[in-house]
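# A structural walkthrough
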Amino acid sequence: MKVKLSEFLEEKIPVLEEIIEKLSQKYRYVSILGSDVRGKRYLVTEDIKISDSNWNERGFVVRIYDGLYLEYSFDEIDDSIVDSLNEKVIKEFERFEGPVLECPLIEEEKEEGVFEGEVEILPETVDAGKKIKMLSSMRDHAYSISESLANFWAIYEEVNVSKVFLSGKKHLNQSYVWTQGYLQAIVRKDEKTKYSYEGYSGMKGAEILEEMVSGVDKVVKEAESLIDSTGIEPGEYDVICSPDVAGVIAHEAFGHGVEMDMFVKGRAKAVEYLGREVASKLVTMHDGARAAKQVASYFFDDEGVIGKDTIIIDKGILKGGISDLISSLRLGTKPTGNGRRESFERKAYSRMTNTFFEPGNDKLDDMISSIKHGYFLEKVSSGMEDPKNWGIQCWILYGREIKDGRLTDRIVSPILMTGYVPDLLKSISMVSEDLELSGVGACGKGHKEFVKVSSGGPYIKARARLG
Amino acid sequence: MMVELIAELLNRDGIDDWKILERKVEGEEFFFVKDSLDMNRAKRTRKFFVTIYHDFEREGKLYRGSSDFTIYPSMKREEIKSLIEDNIFSSKFVENLYYPVVNEKHTISRTVPLDPESLDRIIHDFPFKSKDVWVNSSEFFLNRVEERIVNSKGVDVSNALYRLYVEMITTAKSKEEVELYWSFERSYPVVRMEIEEAIMATRERAKAIFTPEVKDIPVILSGESVGEFFKYPLYKTSGLYIYEHLSNVKKGERILNEDFTMWIDPHVEGSAYSLNYDEDGFLCKRVKVIEDSKVMNIWADVRYAYYLGIEPTGHLTNFVVESGKESESSFEDGKYLKVLSFSDFQMDPVTGDFGGEIRLGWYSDGRKKVAVTGGSISGNITKCDFALSSESQLTGNFKGPRSVRITGAQIGGKR
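Once a new chain begins, its residue numbering starts again from 1 and follows that chain's sequence as written. To read the labels, note that chains go from A and ligands from 1, taken in the order they are written. In keeping with the predicted nature of the model, local features appear solely for residues at pLDDT of at least 70, side-chain atom pairs appear and are counted solely at 80 or more, and the whole-chain, interface and lining totals rest on all residues. With hydrogens and water set aside, each side-chain value is computed from the structure's full complement of heavy atoms.

## Remarks on the overall build of chain B
Labels follow the DSSP assignment, with helices taken as runs of H or I lasting at least four residues and strands as runs of E lasting at least two, numbered in each case from the N terminus. Summing up its helical and strand segments, chain B has 9 helices and 23 strands in all. Computation of the radius of gyration draws on C-alpha atoms alone. For the globule rule, the value is 2.2 Å times the number of residues to the power 0.38. The C-alpha radius of gyration of chain B comes to 24 Å, within 12% of the 22 Å expected for a compact globule of 415 residues. If you line up chain B on its principal axes, its C-alpha atoms span 75 × 55 × 35 Å. Classification of the 415 residues of chain B by burial places 61% in the buried group. Note on contacts: a residue pair is in contact if any heavy atoms of the two residues lie within 4.5 Å. Taking the contacts inside chain B whose residues are at least 6 apart along the sequence as the reference set, 69% of them involve residues at least 24 apart. In chain B, 57 side chains carry a positive charge and 68 a negative one; their mean positions are 3 Å apart. Buried, partly exposed and exposed residues are distinguished by accessible area as a fraction of the type maximum, computed with a 1.4 Å probe on protein chains only: under 20%, between the cut-offs, and over 50%, respectively. Only four residue types enter the charge count, namely Lys and Arg as positive and Asp and Glu as negative; His and the chain termini do not. A charge is said to be at NZ when it belongs to Lys, at CZ for Arg, at CG for Asp and at CD for Glu.

Okay, here's the thing in C-alpha cells:
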C-alpha cells in the first residue's frame, strides 16, 4: 500500500512558497524543509506503554544565503516568520565581529519529484489493541519457556515520514513508512544478570510484528546461555564477526571517517588516504540512501539533494566520502545526498545512511574451521568513532570461543573490541556470501544529533584486540 | 491559550485524568571552524506533551490505561479532537495497575537563576587558540526553556531555565595531529578554567605513547567517566528498575563493596538539569539514596512510588556522590593508569559491566609518568574496590568526586 504525503504539509505548501518568494527578493538562495513525522511506540514489559515515537516532529527550517548560510527553525507559521528570521538570525550575524568562513552560492538545477513509499500493511490499518495483543503474547511466551527470566521487553515502533523541500528551483515531496521491533530478555541466576536482544527493522509496515514472533525463543535461550559466560582475557585474537558486528565496524571505521564536513574541518585522516589502500582487497564498502532498502532509505536528504549509492572503499582502496551540500560546495565536490538533520530543529551535517560491506565468496563453516583459537562475535551494543586518529571502539554482547576450527561451549561476555582502523580492515582475510542489514539503532555525531541509520554486511574474519 | 483549549477538549468521557506538559524553547546556535563562523541558527518551538488516563476494572482489580501523544501548535481544533479520540481508544488496551496523578498544589514558581551573558559575549571570550593547541571546531547552543505542567487535579506549575551546551574539538600536533572531544552543559557560562584544562590535555595527547600491557595496577578514572561509573548504583536504586525486576536491591542492604554516599538533588547549582518540578508536576525532593554503601531510600516518580508503596522523589534530575577524603594527587603514588578521556566510557546499569577505549591517560610505573592513548579498560563494578577523591566536579547531571581510583579493572594494552 502506498504512503501518502501528510495533509498538513500539503496544505502549507502555498504559504511556504510565499515566504520563499518574499525572502528571495533580498537573498540569492532561500529554501525551506518541512517535516511531518508521526509515529507510535508500543512497549510491553512488566507493564504496557503507548507513546509517540521519539522520531516525531512537525515543523520547518528556512535556510538563506548571505555569504554563508543562516537558518531559522520554527513550528508555527504566522506573519512573524520573516521578522523573526531578521531579528534572531540575520541581526545576530551582522553583530558578529569575528572572521567568517564564506561559502559559495548553491547553484540549483530545476528539479521536481514525488516519492511515495510502499508497504505491505500500513501501520494505521492495524488497531492498537491488536499490536498490544501480539506483543503481550510474545512476552507471555517468553515467561512460559524460562524460569530464570527476570524481565522481557517487546517493543514495536512505526514511523510515518512526510517531508517537502522547496526552493527557487526545487519542489520535492516524499512520504514513506519504516518500522522496527525489539525483543530483549533479561535473565538472573543468583546475583548474576545477563541479557540478549533481537532487532527487526525495515521499510516495512505492521507486517514486522509477525517477523518478531519467531525471535522470542532465540532471544530467551541466548540470554540464558550468557549466564555462565566469563570475562575475556584481554589480547589480540582471530575473530569471526557476525553481519551486525561487521556493520558496526563499517559504520565506525570508515563511515564516520569519511563524513565530508570532517574534511572541511581538517578532522578526517581519510583525506590523506584517498586513492590509497586502507583495507584488505576483499573489502568493498557502500553507504547511501539508495544503496539498500532499509530504515535510512529516502528519495532526498534534508537539504533537497537526491539520495545516492556511494562506494567508499572499492577492493581495499579508499574512493571517496559522503557529503552534505554545504561541505561539497566548500570542497568543490558533488553532494552525495547525505545532508541529514536530527529534526527540523537542528543543523544538517554529513551523515551516514545505510552503510555496509559487500558480500564475498567464503562459506561461514570454512571461516570457522580456519581459526586455531579465537572468537565468533555476535550482537553489537554500541560503537564509537575517532575520525582523526582512527581509533575504534565497539561493545559486543558476547563471543563464542573457537578452538581448533570448532565452536566450543565457552562464551565470553561482554567484549570491548578496540583497535586502529586500517589494521583491523587490512586484517580481513575471509568474507562470507551473506548480506544482512539491521537498522534498530541510531547514530550520533559526537554525543548528539541522532539520525536513523542501518548497517551490516556479510560474516567477516579479521584479527582484533578484545578486552 | 492553547493549554486551555487542550484542557477543555480533555475534560470529556473516556478520560479519567490527564496531564499536559507545555515546553517552549527559544534557542541561538553558533558553529565555528577554527575561529571562523561557519553558520548561525536560531529556533523557536512549542510542544504540548499530553497523557490521558483511562480507568477500568477487571476481575475486581482497578487498572489504569494511558496513552502519551504530542500536540503541535500548528494543529487545529478538529485535528486535536481526532488525536484525543485515537488515544482514548489506544489507552483501553493498556492494562496497567492503577496509580494516581499528582494531586498536590504548590505555588513555587521557578525563576531563571541567572541572566546569562549573551552568547556573543561567551564567544568573544572563547580561547580559540593557545600555544601548540587550537580549537579545530566548536558549537554553541543557548536555549531558554520554559515549561508549564497542568493536570486534571488542578496542578499548574512551571519551570524556566537556560541551557548552555558547548561542544569543541581541540587539536595539537607532534609527529601528527591528534584531537580530543569535549562537551560542557550548564545553566550558566562555562568557566574558562575547564577550557584551559581541555587545551592542556590535548597537548598531552600529542606526546602520548600506546597504552602498555600492564596488569593488576589501580585505574584512576577522572572527569566525565566518574559520573558514568556511578550509574550502576543510581539505577539499581530506581523504583522503575525495581518494579521491572532489573534490580533487586532492598532498603538497608549494602549495594557495593566500598563506602560512598549518594543523593538525588533537584537543586544543584549550575546544572542544566536542576528543576523544581518534574514532568508530572511533582515538587522534586532532595533525598539521600545511599549512605556508606547502604541503601537508604529508593528514588521513584509518583507512579512507581505508588506501586512500591514508598514516598515519591520525582523523576531524576541530578545525582550527587559525596566526595572522598583522599586528594587526587595521593592516588598517584606508585603504579597506576589514570584515564581522563575515553572514546565513549560506558557503564551497563543492569549488569555492572563497564569499560571504554582510552583516548588520553597517564601510566606511571612508580618512577616515571607518561601520557598514553589506545587500548582499553574494562571490569565489573560489583567485583571492584574503589576510593573517591576529595576534589569535586559537575558534569551533566552528576556532581561528585573528580576522580575515582579502582582496583580490579582489566587493562587491554600493547606488548
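Once you've had a look at it, read on.
## What about the nonpolar core?
All names here are of chain A. Only buried residues count toward a nonpolar core. Its members are Ala, Val, Leu, Ile, Met, Phe, Trp, Tyr and Cys residues joined through side-chain atoms within 4.5 Å. Ile 249, Phe 254, Ile 313, Leu 377, Leu 425 and Leu 466 are the most contacted members of the largest nonpolar core, which totals 64 residues. Tallying contributions element by element places helix α6 (residues 243-255) first for this core, with 7 residues. Every residue in contact with Phe 254, bar those within four places of it in the chain, is listed here: Ile 249, Ala 270, Val 278, Met 285, Ile 312, Ile 313, Leu 318, Trp 390, Val 421 and Leu 425.

## Some words on the confidence of the model for chain B
pLDDT gives the predictor's per-residue confidence on a scale running from 0 to 100. Summing up the model confidence of chain B, the mean pLDDT is 93 and the portion of residues at 70 or higher is 97%. For this predicted complex, the interface confidence reaches an ipTM of 0.95, while the overall pTM sits at 0.95.

## Let's talk about the packing of helix α3 (residues 128-145) of chain A against helix α5 (residues 216-226) of chain A
All names here are of chain A. Here the axes come from fitting lines to C-alpha atoms, over the contacting stretch only for helices, and the angles between their N-to-C directions go from 0 to 180 degrees. Their axes nearest at 10 Å, the elements α3 and α5 cross at an angle of 45°. Judged by the inter-axis angle, α3 sits oblique to α5. Helix-helix and strand crossings are classified by hand; for α3 and α5 the assignment is right-handed. Listed contacts from α5 to Met 138, His 141, Ala 142 and Ile 145 of α3 are Val 216, Asp 217, Val 220 and Glu 224. Gly is placed with the polar residues, together with every amino acid not listed as nonpolar (Ala, Val, Leu, Ile, Met, Phe, Trp, Tyr, Cys and Pro) or charged (Asp, Glu, Lys and Arg). The residue makeup of the contact of α3 with α5, split by class, is 5 nonpolar, 1 polar and 2 charged. Any angle between 65 and 115 degrees counts as roughly perpendicular, while under 35 counts as roughly parallel, over 145 as roughly antiparallel, and the rest as oblique. In this scheme, a crossing is called left-handed if the near helix is turned counterclockwise away from the far one by less than a right angle; it is called right-handed if the turn is clockwise.

## Topic: the sheet that holds strand β10 (residues 285-287) of chain A
Residues and elements named next belong to chain A. Pairing between two strands requires that DSSP report at least two bridges joining them. Reading across the sheet, the 6 strands line up as β12-β11-β10-β15-β24-β21 and stay open at both edges, with mixed pairing between neighbours. Every other strand in the sheet has two partners, leaving β12 (317-318) and β21 (436-438) as the edge strands with one partner each. Sheet topology places strand β11 (residues 310-314) next to β12; 2 bridges connect them, and they run antiparallel. Looking at β12, one finds that Ile 313 is bridged to Leu 318. Contacts between α6 and the sheet are confined to β10, β11, β12, β15 (354-357), β21 and β24 (454-457), with β24 contributing the most and set at about 115° to the helix.

## Considering helix α4 (residues 192-206) of chain B
All names here are of chain B. The end-to-end C-alpha distance of α4 is 22 Å, a good match for the 21 Å that 15 residues give at a rise of 1.5 Å each. Those residues of α4 that sit buried are Glu 194, Ile 195, Ala 198, Ile 199, Ala 201, Thr 202, Arg 205 and Ala 206. Projected onto a plane normal to the axis of α4, the buried residues spread over an arc of 160° and lie on a single side. Opposite the buried face of α4, at more than 90 degrees from it, the exposed residues are Met 193 and Met 200. In a helix, the anticipated span is given by 1.5 Å times the number of residues less one. As used here, the arc belongs to the directions running from the helix axis to the C-beta atoms.

## Focus on the interface of chain B and chain A
Each partner contributes residues to the interface: chain B has 85 residues there, and chain A has 88 residues. Overall, the association of chain B and chain A removes approximately 7,100 Å² of surface from exposure, summing both partners, and the carbon and sulfur fraction of that is 46%. Defined here as a combined quantity, buried area equals the accessible surface (1.4 Å probe) lost by two parts on assembly, summed across both. Together, Met 39, Arg 41 and Arg 44 of chain B form the three largest contributors to the area buried by chain B at its contact with chain A, with a combined 9%. In the sections that follow, a salt bridge refers to a side-chain nitrogen of Lys or Arg positioned within 4 Å of a carboxyl oxygen of Asp or Glu. If you look at where chain B meets chain A, you find 19 salt bridges. Close ionic contact of Glu 71 of chain A with Arg 41 of chain B constitutes a salt bridge, the shortest N to O distance being 2.3 Å. Polar contact is defined as a pair of N or O atoms within 3.5 Å, subject to the rule that within protein one atom must be able to donate a hydrogen and the other to accept it, and that residues adjacent in sequence are counted only when both atoms are side-chain atoms. Connecting chain B to chain A are 48 residue pairs in polar contact (both at pLDDT 80 or more). The element best represented in the side of chain B that touches chain A is strand β2 (residues 36-58) of chain B, accounting for 12 residues. Split by residue class, the side of chain B that touches chain A holds 29 nonpolar, 25 polar and 31 charged.

## Observations regarding the environment of Arg 46 of chain B
Its place among the elements puts Arg 46 of chain B in strand β2. What makes Arg 46 of chain B buried here is its relative accessible area of 18%. Along the primary structure Arg 46 of chain B and Glu 147 of chain B are separated by 101 residues, whereas in three dimensions their C-alpha atoms are 9.8 Å apart. With residues near it in sequence (within four places) discarded, Arg 46 of chain B still touches Asp 75 and Glu 76 of chain A together with Met 2, Glu 22, Arg 23, Lys 24 and Pro 73 of chain B. Here Glu 76 of chain A takes part through its side chain, which lies 3.0 Å from a polar atom of the side chain of Arg 46 of chain B.

## So, the layout of surface pockets
In this analysis, the protein atoms alone were mapped onto a 1 Å grid. Cavities are point sets where a 1.4 Å probe fits without being able to get out; pockets are open sets with protein on both sides within 12 Å along at least five of seven lines; lining residues have an atom within 4 Å of a point. Grid points are joined across faces, edges and corners, and a volume is the space filled by probe spheres set on the points. Taken as a whole, the second largest pocket spans an internal volume of roughly 1,100 Å³. Around the second largest pocket sit 37 residues that line it, and Arg 38 and Glu 124 of chain A together with Ser 82, Leu 83 and Asp 86 of chain B are the ones nearest its centre. Elements represented by at least two residues in the lining of the second largest pocket include exactly α1 (7-24), β1 (30-44), α3 and β6 (149-167) of chain A together with β3 (61-71) and α2 (77-91) of chain B. Looking at which element gives the most residues to the lining of the second largest pocket, the answer is α2 of chain B, with 7 residues.

## Quick notes on the pairing of strand β22 (residues 403-407) of chain B
On any regular strand, side chains alternate: one points to one face of the sheet, the next to the other face. Residue and element names in this part refer to chain B. The sheet contact formed by strand β9 (residues 219-222) and β22 spans 4 bridges and is antiparallel. If you follow Val 219 over to β22, its bridge partner there is Ile 406. Note: strand β19 (residues 385-388) against β22, 4 bridges, orientation antiparallel. Among the inter-strand pairings, Asp 385 is bridged to a residue of β22, identified as Thr 407.

## Observations concerning the environment of Lys 92 of chain B
Residue and element names in this part refer to chain B. Structurally, Lys 92 can be placed in the loop between α2 and α3 (119-124). Through-space distance from the C-alpha of Lys 92 to that of Leu 21 is 22 Å; in sequence the pair is 71 residues apart. If sequence neighbours within four positions are ignored, Lys 92 has contacts with His 54 and Phe 56.

## Description of the pairing of strand β2 (residues 48-52) of chain A
Residues and elements named next belong to chain A. Most of β2 is tucked away: 4 of the 5 residues are buried. Pairing geometry for β1 and β2, over 5 bridges, is antiparallel. Counterpart to Tyr 42 in the pairing with β2 is Ile 50. Here β1 folds back onto β2 in antiparallel fashion, the turn holding 3 residues.

## A word on the side chain of Lys 269 of chain A
Secondary-structure assignment places Lys 269 of chain A in the loop between α7 (261-265) and β10. Overall, the relative accessible area of 6% leaves Lys 269 of chain A in the buried class. Within the local environment of Lys 269 of chain A, its side chain forms a polar contact with the side chain of Glu 176 of chain B, the two groups lying 3.1 Å apart. Setting aside chain neighbours within four positions, we find Lys 269 of chain A in contact with Pro 387, Lys 388, Trp 390 and Tyr 420 of chain A together with Glu 176 of chain B.

## Here's the deal with the sheet that holds strand β12 (residues 294-295) of chain B
All names here are of chain B. The strand order β12-β11-β10-β13-β21-β20 describes an open sheet built from 6 strands, whose pairing is mixed. Two strands in the sheet have a free side with no partner beyond their single neighbour: β12 and β20 (392-395). Pairing analysis gives 4 bridges linking β20 to strand β21 (residues 398-401), with the strands arranged antiparallel. If you follow Leu 394 over to β21, its bridge partner there is Lys 399.

## Quick word on empty space enclosed by the protein
Residue and element names in this part refer to chain A. Overall, the coordinates contain 3 cavities of 30 Å³ or more when judged by the stated rule. Quantified by volume, the largest cavity comes out at close to 250 Å³. The wall of the largest cavity is formed by 21 residues, among which Val 161, Lys 163, Tyr 176, Arg 340 and Lys 452 lie closest to the centre. Put simply, the parts of the chain that give the lining of the largest cavity at least two residues each are β6, β7 (170-189), β13 (339-340) and β23 (448-452).

## Quick look at the packing of aromatic side chains
Side-chain rings of Phe, Tyr and Trp, where Trp is taken by its six-membered ring, are said to pair if the distance between their centres is within 6.5 Å; with planes under 30 degrees apart they count as stacked, over 60 as edge-to-face, and otherwise as tilted. This model, assessed by the stated rule, comprises 42 aromatic pairs over all chains. Centroid distance Phe 8 of chain A to Phe 60 of chain A: 6.0 Å. Interplanar angle 40°. Geometry classified as tilted. With Phe 8 of chain A in helix α1 and Phe 60 of chain A in strand β3 (residues 57-65), this residue pair connects regions lying 52 residues apart in the sequence. A relative accessible area of 9% means that Phe 8 of chain A is categorised as buried. Ring geometry for Phe 32 of chain B against Phe 128 of chain B: centres 5.2 Å apart, planes inclined by 50°, an arrangement best described as tilted. Separated by 96 residues along the polypeptide, Phe 32 of chain B in strand β1 (residues 17-33) and Phe 128 of chain B in the loop between α3 and β4 (129-130) bring together distant segments of the chain. Chaining the aromatic ring pairs together yields one cluster made of Phe 229, Phe 230, Phe 260, Phe 319, Phe 342, Phe 345, Phe 354, Phe 386 and Phe 398 of chain B. Two thresholds decide whether a charge sits over a ring: the Lys NZ or Arg CZ must be within 6 Å of the ring centre and within 35 degrees of the ring normal. The lysine or arginine in question, Arg 276 of chain A, covers the ring of Tyr 273 of chain A, its NZ or CZ lying 4.3 Å from the ring centre.

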